[in-house]
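Inside the fold
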Amino acid sequence: MLHILHADNNDTERELFKHILKRFDSTVKVTEASNIKQVVEVLDHAFILPDLIFMDYVMYPLDGVACTKQIRNSNKFCHLPVIMYANAMSSEQLEAAYAGGSSYYLQKPDDVSELEIILAWLVKQLPFNHRAPVFDNFVLTARRILNPQDSIHEIYQRNSCF
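Below you will find a few notes about this structure.

Here is what the cut-offs are and how they apply
Residues numbered from 1 in each chain as written. Predicted model: local features only at pLDDT ≥ 70, side-chain atom pairs only at ≥ 80, totals over all residues. Heavy atoms only, no water. Buried < 20%, exposed > 50% of the residue type's maximum accessible area, 1.4 Å probe, protein only. Helix = DSSP H or I, 4+ residues; strand = E, 2+ residues; numbered from the N terminus. Arc of directions from axis to C-beta. Contact = heavy atoms within 4.5 Å. Polar contact = N/O pair within 3.5 Å; in protein donor to acceptor, adjacent residues only side chain to side chain. Phe/Tyr/Trp six-rings, centres within 6.5 Å; stacked < 30°, edge-to-face > 60°.

1. So, helix α2 (residues 36-45)
- Residues I36, V39 and L43 constitute the buried set of α2. Considered in projection along α2, the buried side chains sweep an arc of 60° and stay on one side of the axis. Within α2, the exposed residues directed more than 90 degrees away from the buried face are K37 and H45.
- In this fold, the buried residues of α2 make contact with β1 (3-7), β2 (29-33), β3 (52-56) and α3 (64-72).
- Of the residues that open α2, the one with a side-chain oxygen 3.1 Å from the backbone nitrogen of K37 is N35.

2. Points about the packing of aromatic side chains
- Enumeration over the complete set of coordinates arrives at six aromatic pairs.
- For the pair Y105 and F138, a centre-to-centre distance of 6.4 Å together with 45° between the ring planes defines the contact as tilted. Taken together, the residues span a long stretch of sequence, with Y105 in strand β5 (residues 104-107) and F138 in the loop between α5 (112-125) and β6 (139-140) at a distance of 33 residues. Both residues of the pair, Y105 and F138, belong to the buried class.
- What links up through ring pairs into an aromatic cluster is the set F17, F54 and Y85.

As C-alpha cells, then:
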C-alpha cells in the first residue's frame, strides 16, 4: 500500500489532492500536515514512514523549502523522497527547491489526468533516491514523462517562467 505524507497549509488543496490520490489508488494512505511542526510530528511518530512526501512550496510560518531542509538534515528521514509543488514555477523557486533538497518539483497541474500520469510514474520509480539525478530532470510534468527528451528550458518556455 502506498503511503503519502501531504504537507499543505490550505485545507481545500489538501482535500482536493487527497480526492485525486484516492481516485488514482483507492488503497493509498494519505497522512496530512498543515505546517512544518505537524510534518515533523508525523514523521517522528510514524510506525511506517511514508513512501513519498508532497510538500507545498508556500506554507506558513516557514515554507516547504525550509521543511525539506529540516528533513534532509535528519539522519532518520533524509532518504525520503520529497516532491515540492506549487501553483507557479519560477526559476527562483526551482533553484531554491533543488538547493533545499527536494527530489522533484511539480507545478500543480490544472488537469487531474496530468496529476494521475505523474503519480503513476512516481509510483513506478519507487523506491528511488531522494534526489533527482541532475537539475535538468528536476521538473515533473505529464508531457515530460510522456516525452522525456524535453529539456528544462523547453518546460520553462511552455510555462512562461522567463
